[in-house]
Amino acid sequence: MANSEMLSKIENGQGFIAALDQSGGSTPKALAGYGIGEDSFSNDDEMFGLIHKMRSRIITSPSFGNGKVIGAILFEKTMNGDAGGKPVPEALWDRGVVPFLKVDKGLEDEANGVQLMKPIPDLDDQCKHALAKGVFGTKMRSVINKANAKGIAAVVAQQFEFGKQILANGLVPIIEPEVNIKSDERAECDKILLGELTKQLDALADDQRVMLKLSIPVESNLYKSLVGHPKVIRLVALSGGYSTDDACAELAKNEGMIASFSRGLLQDLRVSQSDEEFDATLGSAIDKIYRASIA
């Protein structure tokens, strides 16, 4: 029952998806932005403990459950932890927020202008564990730096190969081939990516549907055909290094695309804030991102 309810929430809900999935490499930067320096932890366990406290504070804040956040992407350690005395996926769904799990292992070195994902040998096990935890879907990220047709085709093919494996395990994959917004070939990357995504989507079986998480395109509404594609449950946007204001301004130009921001959601939160200040700051960001997502 929860699965069909979650699908309806993601497909039809008014709101956006929060990205709370910083992994080992990006966690120190996320903590630094929150006001916790590297001198505050001496090993990975302490580091992950601190980031979990930050995420728990976000998840349990009143504004996070105001109905404007319809999903949240989690790092595995976050999924396995508790928030407010409950397992995180349960705590999220109790607040009407659909849980997703980041499953990729990071990026390979650049080749053909792109960075493919590293192998994910335990993908089936990750999916089974996530399903048992009440998770609805997954997310995995690749990066496109140059308008190299061969490289972009390889990125999309790999994303869909893993995506089909995830679907076979009963979860919905978020396909995320990120176009680097600092690329001087970004507009051409967007167009090549659109063609490759359309090709792969058209080839899916009747019972296979996915979500897409893409960089906001240079040309507004370039991806509109993906919004209405029968194999696409929802098209979401990453903030890609934009500030909250800039990401929201760009997103609002793209009809049917909703946010899935990390930096754009968290940039003004600080460990030193009182609970009231923290919630007010989080609520302000949520309102801003929500308005851009329903524009």
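Refer to the structure printed above.
Residues numbered from 1 in each chain as written. Predicted model: local features only at pLDDT ≥ 70, side-chain atom pairs only at ≥ 80, totals over all residues. Heavy atoms only, no water.

**Student:** So what about the overall build of the protein? Which residues, and what values?
**Tutor:** When you go through the protein residue by residue, the secondary structure sums to 12 helices and 11 strands. For 295 residues, the compact-globule estimate of 2.2 N^0.38 gives 19 Å, and the protein sits close to it at 18 Å. With the C-alpha coordinates aligned to their principal axes, the bounding extent of the protein is approximately 50 × 40 × 40 Å. Relative to its 295 residues, the protein shows a buried fraction of 53%. Partitioning the contacts of the protein with sequence separation of at least 6, the portion at a separation of at least 24 is 72%. Accessible area for the protein stands at about 12,100 Å²; split by element, carbon and sulfur atoms hold 48% of it. Here the protein contributes 33 positive and 41 negative side-chain charges, whose respective centroids are spaced 2 Å apart. (Helix = DSSP H or I, 4+ residues; strand = E, 2+ residues; numbered from the N terminus. Rg over C-alpha atoms; globule rule 2.2 N^0.38 Å. Buried < 20%, exposed > 50% of the residue type's maximum accessible area, 1.4 Å probe, protein only. Contact = heavy atoms within 4.5 Å. Areas by Shrake-Rupley, 256 points an atom, 1.4 Å probe, with all protein chains shown as cover. Lys, Arg positive; Asp, Glu negative; His and termini not counted. Charge placed at Lys NZ, Arg CZ, Asp CG, Glu CD.)

**Student:** Hey, could you go over the packing of aromatic side chains for me, with residue numbers and the actual values?
**Tutor:** For any pair of aromatic rings, the description rests on two quantities: the centre-to-centre distance and the angle between the ring planes. Within the structure shown, the criterion is met by three aromatic pairs. Judged by centre distance (6.4 Å) and plane angle (75°), the ring pair of tyrosine 34 and phenylalanine 278 falls under edge-to-face. Here phenylalanine 278 lies in helix 12 (residues 275-293) and tyrosine 34 lies in helix 2 (residues 27-34), a separation of 244 residues in the sequence. (Phe/Tyr/Trp six-rings, centres within 6.5 Å; stacked < 30°, edge-to-face > 60°.)

**Student:** So, the pattern of salt bridges: which residues are in play, and what are the values?
**Tutor:** The full count for this structure, using the stated rule, is 14 salt bridges. In this structure, the salt-bridge partner of glutamate 178 is arginine 141, at a minimum N-O distance of 2.6 Å. Separated by 37 residues along the polypeptide, glutamate 178 in strand 8 (residues 172-179) and arginine 141 in strand 7 (residues 137-144) bring together distant segments of the chain. For arginine 141, a relative accessible area of 30% puts it in the partly exposed group. Each member of the salt-bridge network shares a partner with another, and the members are Asp21, Lys139 and Glu176. (Salt bridge = Lys/Arg side-chain N within 4 Å of Asp/Glu carboxyl O.)

**Student:** Could you give an account of unusual backbone geometry, naming the residues involved and the relevant values?
**Tutor:** A negative phi angle is the norm for most residues apart from glycine, just as the trans form is the norm for most peptide bonds. With a phi angle near 55°, asparagine 112 is a residue other than glycine that sits in the positive phi range. With respect to the helices, strands and loops of the structure, asparagine 112 is situated in the loop between strand 5 (98-102) and strand 6 (114-115). Of note, the phi angle at asparagine 221 is positive, near 65°, even though the residue is not glycine. One can find asparagine 221 in the loop between strand 9 (210-215) and helix 9 (224-227).

**Student:** Can you tell me about the layout of surface pockets, naming the residues and giving the values?
**Tutor:** Taken as a whole, the largest pocket holds about 1,000 Å³ of empty space. In this structure, the largest pocket is lined by 34 residues; those nearest its centre are Gln22, Ser26, Lys29, Ser262 and Arg263. Secondary structure elements with two or more residues in the lining of the largest pocket: helix 2, strand 7, strand 8 and helix 11 (263-266). Broken down by element, the residue count for the lining of the largest pocket peaks at four residues, all from helix 2. The volume enclosed by the second largest pocket comes to roughly 160 Å³. (1 Å grid on protein atoms, 1.4 Å probe; cavity = no way out; pocket = protein on both sides within 12 Å on 5 of 7 lines; lining within 4 Å. Points joined across faces, edges and corners; volume = space filled by probe spheres on them.)

**Student:** Hey, could you go over helix 10 (residues 244-251) for me, with residue numbers and the actual values?
**Tutor:** Residues of helix 10 that are buried: Thr244, Ala247, Cys248 and Leu251. Within helix 10, the buried residues cover an arc of 95° as seen down the axis, which keeps them to one side. Looking at the packing, one finds that the buried side of helix 10 touches strand 10 (232-238), strand 11 (258-259), helix 11 and helix 12. (Arc of directions from axis to C-beta.)

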